[in-house]
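Now for the letters of each chain:
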Amino acid sequence: MFQIVRYNIVSGKLPEEFENFKIVHLSDLHGALYGKHNQLLVEGIVKESPHMIVMTGDMADSSAHAVPRLVDLCEQLCGLYPVYYVVGNHEQALSQKILDKLLKKLRKLGVVVLDNSWCTISHQGAGIRLYGLVTPQVYYKDRLREYKRGVSFSRENVEEALGKAPLGFNMMLAHNPLYYPAYGRWGADLVFAGHIHGGVIRIPGLGGLLSPDMTFFPKYDSGYFREYGRHLVVSRGLGNHFLVRVMNPPEVVAVTLKIPYNRQLSASE
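Please read these numbers as outputs of a predicted model, since none were measured by experiment.

A.B. asks: Which parts of the structure should I look at to understand the overall build of the chain?
C.D. replies: Scanning the chain for helices and strands turns up 7 helices and 14 strands. On the principal axes, the C-alpha backbone points of the chain span a range of 60 × 45 × 40 Å. Taking all 269 residues of the chain together, 55% fall into the buried category. Counted over contacts in the chain with a minimum sequence separation of 6, partners at least 24 positions apart contribute 70%. Averaged over its 29 positive side-chain charges, the chain has a centre that lies 2 Å from the centre of its 24 negative ones.

Structure below.
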């Protein structure tokens, strides 16, 4: 069974209208099933009463039932909440025909697929931008695929994909947290990511042991990170693709946005 993990994100850049705005974050499902038609997963999400759902890739892969199970899950969730989605490396590894068909189905259901693009999240008359960054396969340190030794994803690469970051509070969906410093330098105030599967094997006091690229003790393995006043939330994911999880249960992440307490006081005076 999965855990529900909750974080509060406090930022002075948030519009006051987004106080207590809740986001459920799903990642790396890899075709896993929680009850018939993922009923247990849907019920867990509903209990959180989110305003929106974000999915940060590898929700489907090349396994037999992964794509139809994702479509079925999105069909249920889109009837309840706005859903936003960015692909991960496993969706990108699908044949172009299968991937195009999958994304067409998701869009038809109402999922907002962000492919190096952005949309506005509106709430109570205010708005913040949500970006979806697709990192090309060459930047995933997978020695069996397209990775080229020595490449690194920079702020300039983010700007090339998304344009310049505007003023205000900017959220980003990006499957791979490895390049989080570049996302922050670009102007992402809150990034949702996955990919690392919590490090697969978690060692108390040390964190996750291994990333999918076979790097030991990856820095952004799972959880909440705050650097230079910006925020990163990395999901341990819901499925499994390599090795067996040890002391590393799958999770659904619930994030609540908060404005600083001093601004709340000012608004009430």
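A.B. asks: Just checking my understanding: could you explain helix H5 (residues 155-162) for this structure?
C.D. replies: Within an α-helix, residues lying three or four positions from one another point in the same direction, as the helix has 3.6 residues per turn. Those residues of H5 that fall on the buried side of the exposure criterion are Asn-157, Val-158 and Leu-162. For H5, the angular spread of buried residues about the axis comes to 115°, placing them on one side. Buried residues in H5 make contact with strand S6 (117-123), strand S7 (126-133), strand S8 (170-174) and helix H6 (180-186). Looking one or two residues beyond H5, the residue adopting positive phi is Gly-163, at roughly 85°.

A.B. asks: Explain the sheet that holds strand S3 (residues 52-56) to me, please; I cannot follow it from the model alone.
C.D. replies: Backbone-to-backbone hydrogen bonds pair the strands of a sheet. The strands run either parallel or antiparallel. If you trace the 6 strands from one edge of the open sheet to the other, you get S1-S14-S2-S3-S4-S5, paired in mixed fashion. The open sheet has two edge strands, strand S1 (3-10) and strand S5 (112-113), and neither has a second partner. Of the pairings in the sheet, the one linking strand S4 (residues 83-86) to S5 comprises 2 bridges and is parallel in character. Looking at the pairing, Tyr-85 lines up with Val-113 of S5. Helix-sheet contacts for helix H1 (residues 39-48) involve S1, strand S2 (22-26), S3 and strand S14 (251-258), and the interaxial angle to S2 is about 160°.

A.B. asks: Sorry, what's going on with the packing of aromatic side chains here?
C.D. replies: Pairs of aromatic rings are described using the distance from one ring centre to the other and the angle between the two planes. By the definition in use, this model includes 8 aromatic pairs. For the pair Phe-18 and Phe-21, a centre-to-centre distance of 5.0 Å together with 55° between the ring planes defines the contact as tilted. For Phe-18, a relative accessible area of 0% translates into the label buried. Judged by its relative accessible area of 3%, Phe-21 falls in the buried class. Seen in terms of ring centroids, Tyr-180 and Tyr-220 are 5.6 Å apart; in terms of plane orientation they differ by 80°. Their pairing is edge-to-face. One end of the pair, Tyr-180, is in helix H6; the other, Tyr-220, is in the loop between strand S11 (207-208) and strand S12 (223-227), with 40 residues separating them in the sequence. We note that Tyr-180, like Tyr-220, is buried. Through successive ring pairs, a cluster of aromatic residues spans Trp-118, Tyr-131 and Trp-186. Above the plane of the ring of Trp-118 lies Arg-129, whose end atom (NZ or CZ) is 3.5 Å from the centre.

A.B. asks: Could you clarify how one ought to interpret the sheet that holds S12 in this entry?
C.D. replies: Across the sheet, 6 strands lie side by side as S6-S7-S8-S9-S13-S12; this open sheet has mixed pairing. Two strands lie at the open edges of the sheet, namely S6 and S12, each paired on one side alone. Neighbour-to-neighbour, the strand axes of this sheet turn through a mean angle of 20°, independent of strand direction. Here S8 runs beside strand S9 (residues 190-193); their pairing, made up of 3 bridges, is parallel. Among the inter-strand pairings, Met-172 is bridged to a residue of S9, identified as Val-191. Here H5 sits on the sheet and contacts S6, S7 and S8; the angle it forms with S7, its principal contact strand, is near 110°.

A.B. asks: Would you mind showing me how to read the pairing of S7 here?
C.D. replies: Two faces make up the sheet, and in a regular strand the side chains alternate between them. Extensive coverage of S7 is indicated by the burial of 6 of its 8 residues. Pairing of S6 with S7, which is carried by 7 bridges, proceeds in the antiparallel orientation. Directly across from Cys-119, in S7, lies its bridge partner Leu-130. The antiparallel pairing of S6 with S7 creates a hairpin that spans 2 residues between the two strands, and Gln-124 there sits at a positive phi of about 55°. As paired strands, S7 and S8 are joined by 5 bridges and run parallel to one another. If you follow Leu-133 over to S8, its bridge partner there is Ala-174.

A.B. asks: Just to check I follow, could you spell out the environment of Arg-107 for this structure?
C.D. replies: Mapped onto the secondary structure, Arg-107 falls in helix H4 (residues 96-109). For Arg-107, a relative accessible area of 45% gives the class partly exposed.

A.B. asks: Which parts of the structure should I look at to understand the confidence of the model for the chain?
C.D. replies: Should pLDDT be low for a region, the predicted coordinates there are not to be read in detail. Chain-level statistics for the chain give a pLDDT mean of 91 and a share of 93% at 70 or above. Scored below 50 in pLDDT, residues 265-269 shows 1 contact in the model against residues more than four places distant or in partner chains.

Conventions adopted
Residues numbered from 1 in each chain as written. Predicted model: local features only at pLDDT ≥ 70, side-chain atom pairs only at ≥ 80, totals over all residues. Heavy atoms only, no water. Helix = DSSP H or I, 4+ residues; strand = E, 2+ residues; numbered from the N terminus. Buried < 20%, exposed > 50% of the residue type's maximum accessible area, 1.4 Å probe, protein only. Contact = heavy atoms within 4.5 Å. Lys, Arg positive; Asp, Glu negative; His and termini not counted. Charge placed at Lys NZ, Arg CZ, Asp CG, Glu CD. Arc of directions from axis to C-beta. Pairing = 2+ DSSP bridges. Axes fitted to C-alpha atoms, helices over the stretch in contact; angles between N-to-C directions. Phe/Tyr/Trp six-rings, centres within 6.5 Å; stacked < 30°, edge-to-face > 60°. Lys NZ or Arg CZ within 6 Å of the ring centre and 35° of its normal. pLDDT = per-residue confidence, 0-100.

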